[in-house]
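An overview of the molecular structure
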Amino acid sequence: QVQLVESGGGLVQAGGSLRLSCAASGFTFSMYAMSWYRQAPGKERELVAVISYFGSNTTYADSVKGRSTISRDNAKNTVYLQMNSLKPEDTAVYYCNARRSTLARNFNYWGQGNQVTVSS
């Protein structure tokens, strides 16, 4: 059974930091690109950051670039999102995503979401 379990969210003041974690199970973690998405109230879900299979490549949304770092530990089947200098506009539910494409099919898994609230 595939599971992506996020943790580390909560309430933080503007300018503070949070580290989100996503623990994966039920699939071969190192064969999947991992991403963090977020969805604010009334807005569409947006991509925050992506990390490649072994962590050699990362991509960030312009809105978090320079303030956030995505990383992964394939030995622990866990992906992280370190967020610094948080702003009220970072308030959202953050989702972990695992994705892999093969010739036969695409695999796409989501976590349950983790609330991050940044107070001004």
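Residues numbered from 1 in each chain as written. Predicted model: local features only at pLDDT ≥ 70, side-chain atom pairs only at ≥ 80, totals over all residues. Heavy atoms only, no water.

**Things to note about the state of the cysteines**
The tally for this structure, following the rule as stated, stands at one disulfide. Here C22 connects covalently by a disulfide to C96, the sulfurs 2.1 Å from one another. For the disulfide bridge between C22 and C96, the dihedral angle about the S-S bond is near -85 degrees, and by the sign convention the bridge is left-handed. In this pair, C22 is assigned in strand β3 (residues 18-25) and C96 in strand β9 (residues 92-101), connecting sequence segments 74 residues apart. Looking at C96, the relative accessible area reads 0%, which means it is buried. (Disulfide = S-S within 2.5 Å. Helix = DSSP H or I, 4+ residues; strand = E, 2+ residues; numbered from the N terminus. Buried < 20%, exposed > 50% of the residue type's maximum accessible area, 1.4 Å probe, protein only.)

**Regarding the nonpolar core**
Membership of the largest hydrophobic core comes to 31 residues, with the highest contact counts inside it found for L4, M34, W36, V79, L81 and Y94. Going through the elements one at a time, β3, β4 (33-39), β5 (46-51), β8 (78-83), β9, β10 (106-110) and β11 (114-119) are the ones with two or more residues in this core. Ignoring sequence-local partners within four residues, the contact set of V79 consists of L20, S21, C22, F29, M34, W36, I51, I70, S71, R72 and C96. (Core = buried A, V, L, I, M, F, W, Y, C linked by side-chain atoms within 4.5 Å. Contact = heavy atoms within 4.5 Å.)

**A look at the packing of aromatic side chains**
A complete count under the given rule lists seven aromatic pairs for this structure. Site record: aromatic cluster; members linked through ring pairs are F27, F29, Y32, F107 and Y109. For R45, the ring lying beneath its charged end belongs to W110, and the centroid distance is 4.6 Å. Over the ring of F29 we find R72; its NZ or CZ atom is 4.4 Å from the centre of that ring. (Phe/Tyr/Trp six-rings, centres within 6.5 Å; stacked < 30°, edge-to-face > 60°. Lys NZ or Arg CZ within 6 Å of the ring centre and 35° of its normal.)

**Thoughts on the side chain of S52**
For S52, the location among the structural elements is in the loop between β5 and β6 (58-60). A residue is classified by how much of its surface remains accessible, and S52, at 18% relative accessible area, is buried. Here S52 is in contact with N57 and R72, once residues within four sequence places are set aside.

**Remarks on the pairing of β4**
Of all seven residues in β4, five are buried, a share of seventy percent or more. As paired elements, β4 and β9 share seven bridges and run antiparallel to each other. Across the sheet, residue Q39 finds its bridge partner in β9, namely V93. Pairing of β4 with β5, which is carried by five bridges, proceeds in the antiparallel orientation. Directly across from R38, in β5, lies its bridge partner E46. (Pairing = 2+ DSSP bridges.)

**Let's talk about the sheet that holds β8**
In spatial order, the strands read β1-β3-β8-β7; together these four strands make up an open sheet with antiparallel pairing. Of all the strands in the sheet, just β1 (3-7) and β7 (68-73) have a single pairing partner and so form its edges. On average, each strand axis in the sheet is inclined to that of its neighbour by 15 degrees, with strand direction left out of account. Of the pairings in the sheet, the one linking β7 to β8 comprises six bridges and is antiparallel in character. If you follow T69 over to β8, its bridge partner there is Q82. (Axes fitted to C-alpha atoms, helices over the stretch in contact; angles between N-to-C directions.)

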